[in-house]
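Chain residues, written in single-letter form:
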Amino acid sequence: MSRYMINGGNRLDGEIKIQGSKNAALPIMAACVLNGAKTILHNVPDIQDVRIMKKILTSIGCKIKTETNTLIIDSSMINSAKVSEQLVSRMRSSIMLMGALVAKLKHAHFSYPGGCDIGLRPIDIHLKALKQLGANITEEHGYIIVDGKDLHAADIVLNYPSVGATENIILASVMTKGVTSIANAAKEPEIIDLQNFLNSLGARVYGAGSNTVYVEGVDRLCEGEYTIMADRIAAGTYMCATHICSGKVFLRGCSLENIKSPYYKLIESGLKVKVYADGIQCISAKDIQSIDSIVTLPYPGFPTDLQPLFVAMLCYANGISIINETVFESRYRFTTQLLRMGANIKIEGRTAIIAGVNKLEGATVYAHDLRGGAALTIAALGAQGSSTVEDIHHIRRGYENFIGVLQNVGADIKYIN
Ligand code: UD1
């Protein structure tokens, strides 16, 4: 099993180029089936989830060329609406293809999706909305079979602003006659990126980033070329790492626009941030200050994906910090591993109470999910002595060249296979 070996205590200093966004790239790749033509995508992160999405697209007939962070996806030869159970079970975002395939082929055949083990993660909101759009959905022996030959526009009100469901509805309705509205839509910046991408192919999607998204169906989409936005969660990860390691790091390609809520919390914790045209400079204060209250919420609230990284950072803070996780019910599993390093964390239901300690000690810890695994890694960077992070395949799902990036700014971390 592959693992990271880390000798903690090095100061981080230098520059990190922020990778392309995982959560924008995946739905945009799924959207590439819609035009039945060539699409060139730039700034696609080289991560495991993207590799799985490439495999899924290839398995249904797409031809894909990869040139570093550029993908050329040709969907003119799509010949299957059936997505392999083995691939779907490895990544939840494969569900995004459901809306795209139903729009393109009027049919989709799926098993229930997999992904990080951070909660129940049902897909009821996706299925209900697809039914409202006229899809006929049957479930047989763990498979979901969607018949979309009677798709029509609809006014949909989500009972929760699910990111994936909002994206799926957009994809399902983009070539469906009439105007579909999605009220209580998720407002995440990645949805704006999906809207911008689709509109660059000739779609008519409006309102992404606000409460209601409107999709006016068009007959066809054309070829296109698009650059994926920067990954705000990777940016937040490296900001927390910089603070833990008393560092000074320039994050190239990162703007504060999409990370305002975590940015204000980082300022509260003492991190100094200077904004430049091409990125931001992060300078750690001598001490990390505790944070009274963080509540994870849909955007523009504090992102649940950064919660584990903040927990890792707040283990080193002066005083007690309190976090409330409202999005995913099982997102504190990684904290048991931080306890092995000497952290003082109490979990009460959805609340984490973190009493900062002077130092963490190196230990062998196990990643259970992507962001929890990244949190253990950055905690180990600041710990005294050496640590091993096991089961790092979770981390490789979402971070491009994680150890290379950290080594470049001075971390003592290596990969052992
Ligand atoms: C996306 C992100 C993920 C992030 C999450 C919340 C991608 C690829 N992943 O995941 O990194 O943590 O948004 O910001 O973009 N829910 C239901 N029924 C549904 C759908 C969701 O109950 O049909 C619940 C989920 O269990 C969860 C909450 O809604 O508790 C949020 O889920 P959702 O916004 O859908 O997240 P994802 O799209 O899966």
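Just above, that's the structure.
Residues numbered from 1 in each chain as written. Predicted model: local features only at pLDDT ≥ 70, side-chain atom pairs only at ≥ 80, totals over all residues. Heavy atoms only, no water.

J.: Explain the layout of surface pockets here, please?
T.: Where empty space is left can be seen by rolling a probe of water-molecule size over the atoms. Volume-wise, the second largest pocket comes out at about 350 Å³. Together, 20 residues line the second largest pocket, and Ile-244, Ser-246, Lys-286, Tyr-316 and Asn-358 are the ones closest to its centre. Among the secondary structure elements, those contributing two or more residues to the lining of the second largest pocket are helix H8 (232-244) and helix H12 (370-382). Classifying every residue of the lining of the second largest pocket by side-chain character gives 9 nonpolar, 8 polar and 3 charged. (1 Å grid on protein atoms, 1.4 Å probe; cavity = no way out; pocket = protein on both sides within 12 Å on 5 of 7 lines; lining within 4 Å. Points joined across faces, edges and corners; volume = space filled by probe spheres on them. Helix = DSSP H or I, 4+ residues; strand = E, 2+ residues; numbered from the N terminus. Nonpolar A, V, L, I, M, F, W, Y, C, P; charged D, E, K, R; others polar.)

J.: What is the right way to look at the packing of aromatic side chains in this model?
T.: Each pair of aromatic rings is reported with the distance of its centres and the angle of its planes. What the rule picks out here adds up to 7 aromatic pairs. Both rings, one in Tyr-238 and one in Phe-402, keep their centres 6.1 Å apart while their planes meet at 45°; by these two values the pair is tilted. Of the two residues, Tyr-238 sits in helix H8 while Phe-402 sits in helix H14 (residues 402-408), which places them 164 residues apart along the sequence. Side by side, Tyr-238 and Phe-402 carry an identical accessibility label, which is buried. These aromatic residues form a ring-pair network of at least three members: Tyr-4, Tyr-238, Tyr-399 and Phe-402. (Phe/Tyr/Trp six-rings, centres within 6.5 Å; stacked < 30°, edge-to-face > 60°. Buried < 20%, exposed > 50% of the residue type's maximum accessible area, 1.4 Å probe, protein only.)

J.: Which parts of the structure should I look at to understand the nonpolar core?
T.: In summary, soluble globular proteins display a tendency toward joint burial of nonpolar side chains. Among the nonpolar cores identified, the biggest contains 76 residues, and Leu-34, Leu-97 and Leu-198 are the most heavily contacted of them. With residues up to four places along the chain from it excluded, the contact list for Leu-97 reads Ala-30, Val-33, Met-53, Ile-56, Leu-57, Ile-60 and Phe-110. Among the nonpolar cores identified, the runner-up in size contains 73 residues, and Tyr-238, Cys-254, Leu-370 and Ile-378 belong to it. (Core = buried A, V, L, I, M, F, W, Y, C linked by side-chain atoms within 4.5 Å. Contact = heavy atoms within 4.5 Å.)

J.: Where do I start with the site of the ligand in this structure?
T.: For the ligand, the set of nearby residues contains 18 residues, the closest of which are Arg-92, Asp-124, Ser-162, Asp-305 and Val-327. One nitrogen or oxygen atom from the side chain of Asp-305 is found 2.6 Å from an oxygen atom belonging to the ligand. Between the ligand and the protein, one listed contact pairs an oxygen atom with a backbone N or O atom of Val-327 at 2.6 Å. For the ligand, whose accessible area on its own is 740 Å², the fraction buried by protein is 86%. Mapped onto the shell around the ligand, the elements with two or more residues apiece are helix H5 (124-132) and helix H6 (163-173). For the shell around the ligand, the leading source of residues is H5, giving 3 residues. Per-class residue counts for the shell around the ligand are 7 nonpolar, 6 polar and 5 charged. Counting contributing residues per domain, the shell around the ligand is built from domain 1 (3-18 + 231-416) and domain 2 (22-227), each supplying no fewer than three. (Near = heavy atom within 4 Å. Polar contact = N/O pair within 3.5 Å; in protein donor to acceptor, adjacent residues only side chain to side chain. Areas by Shrake-Rupley, 256 points an atom, 1.4 Å probe, with all protein chains shown as cover. Domains from an automatic or database assignment.)

J.: When you look at the packing of helix H1 (residues 22-31) against helix H7 (residues 189-200) in this model, what are you seeing that I'm missing?
T.: How two helices sit against one another is set out by the angle between their axes and by the gap between those axes. At their nearest, the axes of H1 and H7 sit 9 Å apart, and the two run at 30° to each other. Where H1 crosses over H7, the two elements pack in a sense that is right-handed. For the pair H1 and H7, contact is made by Asn-23, Ala-24, Pro-27, Ile-28 and Ala-31 and by Glu-190, Asp-193, Leu-194, Phe-197 and Leu-198, respectively. When grouped by side-chain class, the residues that make up the contact of H1 with H7 number 7 nonpolar, 1 polar and 2 charged. (Axes fitted to C-alpha atoms, helices over the stretch in contact; angles between N-to-C directions. Left-handed = near helix turned anticlockwise from the far one by under 90°.)

J.: Hey, could you run me through the pattern of salt bridges in this one?
T.: A side chain of one charge can pair with a side chain of the opposite charge if their charged atoms are brought near each other. Applying the stated criterion to the full structure yields 14 salt bridges. Across the pair Arg-232 and Glu-190 runs a salt bridge whose closest N-O atoms are separated by 2.8 Å. Pair noted here: Arg-232 is in helix H8 and Glu-190 is in helix H7, with a separation of 42 residues, a long-range link. Taken as a pair, Arg-232 and Glu-190 share a single burial class, namely buried. A salt bridge links Arg-252 to Asp-278, with the nearest nitrogen and oxygen atoms 2.8 Å apart. Separated by 26 residues along the polypeptide, Arg-252 in strand E14 (residues 248-252) and Asp-278 in the loop between strand E15 (272-276) and strand E16 (279-283) bring together distant segments of the chain. The class of Arg-252 is partly exposed, set by a relative accessible area of 29%. On the basis of relative accessibility, which here comes to 37%, the residue Asp-278 falls in the partly exposed class. Overlapping salt bridges, with partners in common, bring together Glu-15, Arg-252 and Asp-278 in one network. (Salt bridge = Lys/Arg side-chain N within 4 Å of Asp/Glu carboxyl O.)

Everything listed is a geometric property; what it means functionally is a separate question.
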